Amino acid sequence: MKTLYLYLALLPLLSGCISDFTPEVKGVRGILVVDGMITGGESEFRISRSVGILDNLRENDTITDARVSVERSDGVLFEAWQDEKGVYKVRNGELDPGLSYRLNFALEGKSYQSTFLKPMFTPEIDSLSYQKRGREEPVTIHVSSHAGKDSPPYYRWSYKENWEVQSPLYANAREEGFGNIIWHNPYTSDNLYHCWVKDSSKILLIGTTEKLAENRLAEHKLFEISAADERLSVLYHVEISQMQIRKEAYDYFKMLQEEIERTGSIFSPVMSAGDNGNIFNISDPDELVIGYVEVTSSTRKGMYLSYEDDLYVPDKIIPCEIYPKDFNMGGLAWYQYPDSKTYPRCVDCRQGKATKERPSWWPNDHY
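Residues numbered from 1 in each chain as written. Predicted model: local features only at pLDDT ≥ 70, side-chain atom pairs only at ≥ 80, totals over all residues. Heavy atoms only, no water.

Participant: Help me understand the sheet that holds strand β25 (residues 323-324) in this model?
Facilitator: Backbone hydrogen bonds are what pair the strands of a sheet, in a parallel or an antiparallel way. Within the open sheet, the three strands sit side by side as β25-β27-β26. Their pairing is antiparallel. A strand with exactly one partner marks an edge of an open sheet, and here the two such strands are β25 and β26 (333-336). As defined by bridge partners, β26 adjoins strand β27 (residues 340-342) across three bridges and the pair is classed as antiparallel. The residue bridging Trp-334 from the neighbouring strand is Lys-341, located in β27. (Pairing = 2+ DSSP bridges. Helix = DSSP H or I, 4+ residues; strand = E, 2+ residues; numbered from the N terminus.)

Listed below in structure tokens is the structure:
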């Protein structure tokens, strides 16, 4: 019986799109953790090891040398490649309803498999919407969907985000190197006024309609964004992925979710987390492995939120004093060349995770 008391750190990071998930295990280090699911077209997985609670290491122990594949029940293997550190991608094609699929991976002379499962097929998302109850209240994101009465009433969601940010001031030029002036243009990438940020879900999003008369989700809340969050400051886009899952997968994810909500702590005791998963060491079934690999199609829908929707309520103002060009202070950047300067943070949008990498599909005409 693979029963352990686990201290799971960062459990909310389990998500349909790949994100970091590395439990801390009391007294034990190195338990395998698998995150991902087999979906139509392309599947993604991350394999890592838990971090011992007594260790100084607090970063992900990501595994980069596993041999990973998706196996179909007719014997066809789809080999994975590593797209980025520790992220394995597999082009397994559209899911065949008459066949079963499982994850295989080999590591350090050991072989692991998930349970063969036939695919679930997810209904389309009917609509996405948002709500805001008051001026300084958060914006909540909602999904609506419906399925037939014979379809499983269990769902999981993940999301990808892109948003635009702007520097507080628009500088007409910047200096690179010694005396090299680059003039800015908002309609080319030669400016530091417009930047973009991308991210993905870091929370476990599941839901069910099992207690409802119909298998229908009406404006089901997924997550919220603070009114002061920069995501709402210019233009925000979210793409929601919806996956229908079977009861066993739902029960597994629900157990993890309830522990997080119950304790409100980054360290949450969970019993027998491995027993409820479906990944096993072929030669040693008693080895504890954390994770559940579901087989399901995914449906997607996107939505924009604009500053024109009047959702953004900043809670602080960045001071941006303007100084004459010969002001005796080091570290200033040009504001209006050649006459005035200011602080770099006021004219350079590349703060935090923001970059000049504009999504090719972004709807406005500046760069």
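Participant: Mind showing me how you'd approach the sheet that holds strand β13 (residues 139-146) here?
Facilitator: Taken in spatial order, the three strands line up as β12-β13-β19 in an open sheet, and their pairing is antiparallel. Of all strands in the sheet, those bounded by a partner on one side alone are β12 (125-131) and β19 (216-225). Direction aside, neighbouring strands of the sheet carry axes that sit 20° apart on average. Pairing of β12 with β13, which is carried by six bridges, proceeds in the antiparallel orientation. (Axes fitted to C-alpha atoms, helices over the stretch in contact; angles between N-to-C directions.)

Participant: In this structure, what is going on with the pattern of salt bridges? I would like to understand it.
Facilitator: A side chain with one charge can pair with a side chain of the opposite charge if their charged atoms come near. Applying the stated criterion to the full structure yields 18 salt bridges. Arg-91 is the partner of Glu-42 in a salt bridge, and the nearest nitrogen-oxygen pair spans 3.6 Å. With a gap of 49 residues between them, Glu-42 in strand β4 (residues 41-49) and Arg-91 in strand β9 (residues 87-93) connect regions that are remote in the sequence. For Glu-42, a relative accessible area of 32% puts it in the partly exposed group. With a shortest N-O distance of 3.1 Å, Glu-108 and Arg-49 are connected by a salt bridge. Of this pair, Glu-108 sits in the loop between β10 (101-107) and β11 (110-114) while Arg-49 sits in strand β4, and the two are 59 residues apart along the sequence. (Salt bridge = Lys/Arg side-chain N within 4 Å of Asp/Glu carboxyl O. Buried < 20%, exposed > 50% of the residue type's maximum accessible area, 1.4 Å probe, protein only.)

Participant: Looking at this model, I keep getting lost on the packing of aromatic side chains. Mind explaining?
Facilitator: For any pair of aromatic rings, the description consists of the separation of the ring centres together with the inter-plane angle of the planes. Counted under the stated rule, the structure contains 15 aromatic pairs. Arranged with centres 5.6 Å apart and planes meeting at 70°, the rings of Tyr-252 and Phe-253 form a pair that is edge-to-face. Phe-253 carries the same exposure label as Tyr-252, and that label is buried. Taking 5.5 Å as the distance between ring centres and 50° as the angle between the ring planes, the aromatic pair formed by Trp-361 and Trp-362 counts as tilted. Its relative accessible area of 40% is what places Trp-361 among the partly exposed residues. Members of the aromatic cluster, connected to one another through ring pairs, are Trp-183, Trp-334 and Tyr-337. (Phe/Tyr/Trp six-rings, centres within 6.5 Å; stacked < 30°, edge-to-face > 60°.)

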